[in-house]
Structure formats: structure tokens, C-alpha cells
Amino acid sequence: MTMMASHFSSLTSKMFSVSTSDHASVVSLNLFVALLCACIVIGHLLEENRWMNESITALLIGLCTGVVILLLSKGKNSHLLVFSEDLFFIYLLPPIIFNAGFQVKKKQFFRNFVTIMAFGAIGTVISCTVISLGVIQFFKKLDIGTIDLGDFLAIGAIFAATDSVCTLQVLNQDETPLLYSLVFGEGVVNDATSVVVFNAIQSFDLTHLNHEAAFHFLGNFLYLFLLSTLLGVATGLISAYVIKKLYFGRHSTDREVALMMLMAYLSYMLAELFALSGILTVFFCGIVMSHYTWHNVTESSRITTKHTFATLSFLAETFIFLYVGMDALDIEKWRFVSDSPGTSVAVSSILMGLVMLGRAAFVFPLSFLINLSKKNQSEKINIKQQVVIWWAGLMRGAVSMALAYNKFTRSGHTELRGNAIMITSTISVCLFSTMVFGMLTKPLIRYLMPHQKLTTSMLSDDNTPKSINFPLLDGEQQDSFVELSGNHHDVPRPDSIRGFLMRPTRTVHHYWRRFDDAFMRPVFGGRGFVPFVPGSPTERSTHDLSKPLSL
């Protein structure tokens, strides 16, 4: 009886502790959801503020919440959830990158594809090299613990990753289409390149560096880029073909919306399963889905998918910045550097300086080389635009945080002084760059480019005249409608010399359109090839009422 009573008491104690733990998790989730709601409301109230944006608002709310939790817990804790790089890479990043590909104005993006790849791939490698050489040179003079060559190279990859989320909130796709296209495209390719470089550094044997290893690294990058892109395109085409052939909208719009969402997420997970770049895969899957699949669903599903993907992306972005703000005050990491605050400040300052230098090392030289290949003056990147591109890419955010946690922590915790210094320095650089550079980017753009005129190149690209602008048709959808309408009288025509110089670009696009209309769209659907199918009860009833009554 005594043993049974003891066992029952032990079991009751375990059940009570589990219940208490579950209750604490529920309380934490409730508070976090409430904070997300506060970020949305306060961000809306500060919409017209020239200094603030939603990213900075979420960061400040996270910082204030961290201070409150730190005071209530008497200095023991400052955040509600423990950061996990798996949470970031598997659940939060996919909807952000997919929505970027789904909403992008494709003609503007692919017109600048070579420039984007130069900035995103070559530029990231240059920035990583500059930062790595800088930390090797300066960190050896500081007492920050044991850091080997692999750590130095990993630091270069960590801080070469720009924050594409924050920069896209700063720039406007309609006011500055060229700048938005370059910064946006570079951000996506930069994230993918940084992750690939980081993983390659983690897996390479750095004790035997030679020319063969360098070629192997380059071949591995090209392999990952091409296969990741093909996987994303294939997944998008499969979704378009299945939805076009099966006509889910005849019975339920919910099924076709659910299938689009699941296929998008499946593309990312397949890339992770095959050790490819999930960022590139889900991005190109979004582009293909917006070009084919989106036109194959019913009108109500088009509206639903547009808003659903945008909402998921917005919530993921807000979640990331809110958590980064709270985690900045994690007492466990700051306790290791409390005895030497000067070292932590020096490390953060050196990293911030190297970030600025590393970005300048490729933005201006590559822009000069790219301008040499451009015959048309309007397609060249002038010095003011170069300054904006350099400045907008100085912000560091969630990707840098996730890679730093992956390298210098174990399950979100660290026990080594050197690792703690690197984590706190990463947090400091992310906060400083996002808040300071993010707040100054809007005024900088207004100062350098005070009057944005709608030029011929803008009109001929993705921006349509207001008289034929449809709110539900974004990017290529609007652009396609204008082409079908055949009304080009109001659009100013370029002179003969400019038209001659731009003819190669138009010829490539012309042949692609012919191939797309002749082979791709008849098979995979798209604009102009899908019959109307009533998808919702309202549409179905309206469609039925339009039929004559038979007696």
C-alpha cells in the first residue's frame, strides 16, 4: 500500500508539473498573439510616419516587452519563446519568400535578371570574403575566446546575408520599379547564396584548401542553384496542370486554394529533403504559380489566394521582428559579456563597419561594369541609385540571426564566452542596422530622388496607366491585360534610335511569348486558355439564374 501510495504521489506530481508547463505555454502563446495584434494596430496608426515602418514597430514592441518580462522575472528571462532556427527556416521563411515570388512583377524582374544575379550571387561572395578577411585581421587583437578559421568564414556568410524583408517594406514597387526590382531580387538570391555558402563552410574540410576545393565549391553552388530552380518550376507546373485538368472549382473553391498552398509548401520541403536551396525553389514556384496556376482557379479563389499568401507573409515578418526585439535582452547571453562590455561594443562596431565596407566593395564596382554593358542610358544605374541600393542592403535581420544561432548556440543556449559575444554582437548589429538604417532609408530616397516621373520604360514594363489599372491584377496580370487590349495610342513611343537599341530585349520577350502561347499555356493553362467555371455558391446561383427557365 505504501509503495502504491508513493507511486500515485509521484505520478500526480509529474502530471501536475506537465499541466503547469502546458499552462505556461498557453499563457506565453496568448501574450505573443496579443503582441502581434498590437504590432498590427500600432503599425496602422504609424502608417504615414516618415521614420517608422512595420519592422521597426515590431522591433520596438519586442524590446519593450522584453524589458517588462525581464523586470517581472527579476532578471531571469526576457522572452516568451525559445528561438529555433528550425522554426525560422521551416515555418516562417517559406511564406515570405513564396509571396515575394507570387507578387513580383515578373517582366521587371527578368529584365534585370543578370544584374540581380551579379549583385545577389557574385556580390554576396565578395561581401563574405571582405567580412571574413576583416574579422581575421581585427578579432585576433581582441580577447573574445577561441575562434577558428571555420568560425571566421562562417561570420562572413552570416553578415553577408541582407534583410530582404525590411528593405522591401522601405522601397515602393510602383514609385521606384528599377530599385525595387534590384533590391528585391538581390535579397532573395542573397539569402539563398548566404545559406549555401554557410552550409558549404560547415561541411568543407578547411584544413586542405586548394584550387580543387574552390572549383568544387563553385560547381556545388551552380548545381544547387539550377536544381533548386528546376524543382520550383516543376512543382509550379504540376500544380497548374492538376488544377486545370481536374476543375476543382466546379465543386469547391476550398480544395483548389488548399492545393495551391500545399503544393507551394511541398516545393520548399522537397528542396530541404534533397539538400537543395528551399529559398530559390519556393521563390520560382511562386513565380510559376502566379503565371499559370493562378489563372486556372475561379475568380473567388484568385482573390482568396492573393490575400491569403500576403497575410501569411505579413504575419511571418511581424513574428520574426517581434521575436528579435524580445530576444535582444536575453540575460543568459549578456551575462557572459557583462565583465567586458568594451569588447562586445568593439566587436559589434567592427562588424558593422565591415558590413558597410563589404557592401560597398561590390555595389559600386559591379554597377560600373554593368553600366558598361548597357547601351541605353535609361537602363544604367546612376550614382544616386547606387547609393540607395548600397544603403538599403545594409540592414541585417532574421537570416543572419538564424545562421548565428545555428553556428554559435545549441538549442538556443550558449555556454562559451566567445559564442556568447558573437550572438550578442549579431543581435546588436541587427537591431542597429534595422532601426537606424531602416528609419533613414525613406528620407534618403526622398532626398536623392524627390520627383519620380513615370517614364516610358516604366509604362512599357509593369506599370499601366491609371485608366486601365485593375486592383486585383498585379504585375504580369495587369501587363497582360494591357497587351490584349491592343490600345497603345496613349503610351508614348520611343524614338527610332532608342527603339533600335532596345530591340534585342523585346525580341527575346517576343519569342518567349510566342513559345508560351503556343506550347505552355495550352497545356498548363493561364490567361486566356481557361473557361469560366462557377466556383462559389454565389457565382453558381448567379450562373444558374442567367439560364432561361424551361417549363
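Residues numbered from 1 in each chain as written. Predicted model: local features only at pLDDT ≥ 70, side-chain atom pairs only at ≥ 80, totals over all residues. Heavy atoms only, no water.

Our focus in this paragraph is the packing of aromatic side chains. Evaluation of the coordinates by the stated rule reveals 20 aromatic pairs. Site record: aromatic cluster; members linked through ring pairs are Phe109, Phe110, Phe113, Tyr180, Phe184, Phe283 and Phe284. It is Arg302 that lies over the ring of Trp294; its NZ or CZ is 5.3 Å from the centre. Over the face of the ring belonging to Trp294 we find Lys306, whose NZ or CZ atom lies 5.2 Å from the ring centre. (Phe/Tyr/Trp six-rings, centres within 6.5 Å; stacked < 30°, edge-to-face > 60°. Lys NZ or Arg CZ within 6 Å of the ring centre and 35° of its normal.)

To describe two helices that pack against each other, one gives the angle between their axes and the distance between the axes. Interaxial distance between helix H14 (residues 341-373) and helix H17 (residues 417-448) falls to 9 Å at its minimum, and their mutual angle equals 55°. In terms of orientation, H14 and H17 fall into the oblique class. Here H14 runs over H17; the crossing is right-handed. Between H14, through Thr343, Ser344, Val347, Ser348, Leu351, Met352 and Met356, and H17, the contact on the second element is made entirely by Arg417, Ile421, Met422, Thr424, Ser425, Ser428, Val429, Phe432, Ser433 and Phe437. (Axes fitted to C-alpha atoms, helices over the stretch in contact; angles between N-to-C directions. Helix = DSSP H or I, 4+ residues; strand = E, 2+ residues; numbered from the N terminus. Parallel < 35°, antiparallel > 145°, perpendicular 65-115°, else oblique. Left-handed = near helix turned anticlockwise from the far one by under 90°. Contact = heavy atoms within 4.5 Å.)

Attention now moves to the packing of helix H2 (residues 54-72) against helix H12 (residues 299-327). Interaxial distance between H2 and H12 falls to 7 Å at its minimum, and their mutual angle equals 40°. The orientation of H2 with respect to H12, classified from their angle, is oblique. Considering how the two elements wind past one another, H2 and H12 form a crossing that is right-handed. Residues Glu54, Ser55, Ala58, Leu59, Ile61, Gly62, Leu63, Thr65, Gly66 and Ile69 of H2 form the contact with H12, whose own contacting residues are Phe314, Thr318, Phe321, Leu322, Val324, Gly325 and Met326. Of the residues that constitute the contact of H2 with H12, the class distribution is ten nonpolar, six polar and one charged. (Nonpolar A, V, L, I, M, F, W, Y, C, P; charged D, E, K, R; others polar.)

So, about a nonpolar patch on the surface. Taken together, the side chains of Val41, Ile42 and Leu45 define a hydrophobic patch exposed on the protein surface, amounting to about 290 Å² of accessible area. The topology assignment puts Ile42 in helix H1 (residues 2-45). (Patch = residues over 30% accessible without salt bridge, like charges linked within 9 Å, V, L, I, M, F, W, Y side chains within 5 Å. Areas by Shrake-Rupley, 256 points an atom, 1.4 Å probe, with all protein chains shown as cover. Salt bridge = Lys/Arg side-chain N within 4 Å of Asp/Glu carboxyl O.)

Before going further, it helps to spend a moment on the nonpolar core. One finds Phe88, Phe139, Phe159, Leu351 and Met422 to be the most contacted residues of the largest nonpolar core, which totals 123 residues. Per-element tally for this core: the top contributor is helix H8 (residues 177-203), with 14 residues. Look past the residues within four positions of Phe139 in its chain and what remains in contact with it is Ile144, Phe152, Ile155, Val347, Ile350, Leu351 and Met422. Core analysis: the next-biggest nonpolar cluster, separate from the first, contains six residues, Ala240, Val288, Tyr292 and Phe524 among them. (Core = buried A, V, L, I, M, F, W, Y, C linked by side-chain atoms within 4.5 Å. Buried < 20%, exposed > 50% of the residue type's maximum accessible area, 1.4 Å probe, protein only.)

It is worth spelling out the confidence of the model for the chain at this point. Predicted confidence across the chain gives a mean pLDDT of 76, with 75% of residues reaching 70 or more. Confidence, expressed as mean pLDDT per element, reaches its minimum in the chain at helix H18 (residues 456-459) with 36 and its maximum at helix H10 (residues 253-273) with 92. Note that pLDDT drops below 50 for residues 453-505; the model gives that stretch 72 contacts with residues more than four away or on any other chain. In this model residues 535-551 is a low-confidence stretch, pLDDT under 50, and it forms 16 contacts with partners more than four residues away in sequence or in other chains. (pLDDT = per-residue confidence, 0-100.)

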